[in-house]
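Summary of structural features
Residues per chain are reported as follows:
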Amino acid sequence: MQSEIKISEEEMEAVERATDGYQVGYAYLYPNEGNDRQEYVFDMTPENIANFIGSHMFDTQKIILTDMVDRLILDTAGGFINNCPNQELCQQIVAKLAPIQMGETEPEDFPLVTREVYDRYVAREDEMVTQAELTMM
């Protein structure tokens with residue numbers, strides 16, 4: 001049985017790097033230009049969140065970050081945190097984000113992938129499990 005889901009080895013490795021953590025979630029980015037929403041997946045550490053917000057301070061009107069079951073981690077308006085239910089996490093993010101916002105440091109790169117690539121990866125994994133189960137019957 002040939003796989004219908006196409007995902008390159010590089011994409012698979014990128015997903016594995018981006019999801020190598022305990023706090024993986026979704027980032028929904030709403031560009032200033034009114035273009036289509038962009039969606040990403042990455043490990044929602046305070047550092048990664050600060051770097052993500054910091055790298056999109058001027059090109060987005062809003063960012064929403066959620067966990068894997070779409071519970072709000074935080075949202076932004078105009079590059080600043082608007083709503084962050086976990087105040088301890090929020091303080092950790094602000095400590096990393098403030099120097100970026102003040103121009104003292106540049107946002108750092110970190111592993112992330114588009115939601116589209118992530119969804120293909122998950123579908124491919126599901127397909128492989130199903131094929132393995134069918135061969136055991």
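Refer to the structure above for everything that follows.
Residues numbered from 1 in each chain as written. Predicted model: local features only at pLDDT ≥ 70, side-chain atom pairs only at ≥ 80, totals over all residues. Heavy atoms only, no water.

Moving on, we come to a negative patch on the surface. Side chains of Glu9, Glu10, Glu13, Glu16, Glu125 and Asp126 sit close together on the surface and give a patch of like negative charge. Those elements that place two or more of their residues in the negative patch are helix H1 (9-18) and helix H4 (115-135). Here the negative patch gets 4 residues from one element, more than from any other, and that element is H1. Among the structural elements, aspartate 126 can be located in helix H4. (Patch = residues over 30% accessible without salt bridge, like charges linked within 9 Å, V, L, I, M, F, W, Y side chains within 5 Å. Areas by Shrake-Rupley, 256 points an atom, 1.4 Å probe, with all protein chains shown as cover. Salt bridge = Lys/Arg side-chain N within 4 Å of Asp/Glu carboxyl O. Lys, Arg positive; Asp, Glu negative; His and termini not counted. Charge placed at Lys NZ, Arg CZ, Asp CG, Glu CD. Helix = DSSP H or I, 4+ residues; strand = E, 2+ residues; numbered from the N terminus.)

When strand E1 (residues 24-31) meets strand E2 (residues 38-43), the two strands line up antiparallel, connected through 6 bridges. Across the sheet, the residue bridging to glycine 25 is phenylalanine 42, located in E2. Between E1 and E2, which follow one another and run antiparallel, lie 6 residues, and glycine 34 among them has a positive phi close to 80 degrees. Inspection of the sheet shows E2 paired to strand E6 (residues 113-114) by 2 bridges, in the antiparallel sense. When the bridges of E6 are listed, valine 41 appears paired with valine 113. (Pairing = 2+ DSSP bridges.)

In this fold, threonine 76 is placed in strand E4 (residues 72-77). Residue classification places threonine 76 among the buried positions, given a relative accessible area of 2%. Ignoring sequence-local partners within four residues, the contact set of threonine 76 consists of Ile53, Gln61, Lys62, Ile63, Ile81 and Asn82. (Buried < 20%, exposed > 50% of the residue type's maximum accessible area, 1.4 Å probe, protein only. Contact = heavy atoms within 4.5 Å.)

What follows covers the sheet that holds E1. Pairing within the open sheet is antiparallel, and its 6 strands lie in the order E5-E4-E3-E1-E2-E6. In this open sheet, the two strands that pair with only one neighbour each are strand E5 (80-83) and E6. Where strand E3 (residues 60-67) lies against E4, 5 bridges are found, and the strand directions are antiparallel. Considered in E4, the bridge of isoleucine 63 is made with threonine 76. Together, E1, E2, E3, E4 and E5 form the strand contacts of helix H2 (residues 46-55), whose direction differs from that of E2 by roughly 155 degrees. Helix H3 (residues 87-101) rests against E4 and E5 of the sheet, and its axis sits at about 155 degrees to E5. (Axes fitted to C-alpha atoms, helices over the stretch in contact; angles between N-to-C directions.)

Looking now at the pattern of salt bridges. Side-chain pairing between opposite charges can occur once the charged atoms of the two side chains come close. Overall, the coordinates contain 8 salt bridges when judged by the stated rule. Of the charged contacts, one joins glutamate 47 and lysine 96 as a salt bridge, the two residues approaching to 3.7 Å between their closest N and O atoms. Residue glutamate 47 is found in helix H2, and its partner lysine 96 is found in helix H3; the two are separated by 49 residues along the sequence. Residue class for glutamate 47 comes out partly exposed when judged on its relative accessible area of 38%. Here lysine 96 falls in the partly exposed class, since its relative accessible area comes to 39%. Ionic pairing is found between aspartate 67 and arginine 71, a salt bridge with its closest N-O pair at 2.6 Å. Aspartate 67 gets classed as buried once you look at its relative accessible area, which sits at 16%.

Counting 19 residues, the largest nonpolar core has Ala27, Phe42, Met44, Ile49, Phe52, Leu65 and Leu74 as the members making the most contacts within it. If we skip the residues at most four places from it in the chain, alanine 27 touches Gln38, Glu39, Tyr40, Phe42, Met44, Phe52, Ile64 and Leu65. Counting 14 residues, the second-largest nonpolar core is a separate cluster that includes Tyr28, Val113, Val117 and Tyr121. (Core = buried A, V, L, I, M, F, W, Y, C linked by side-chain atoms within 4.5 Å.)

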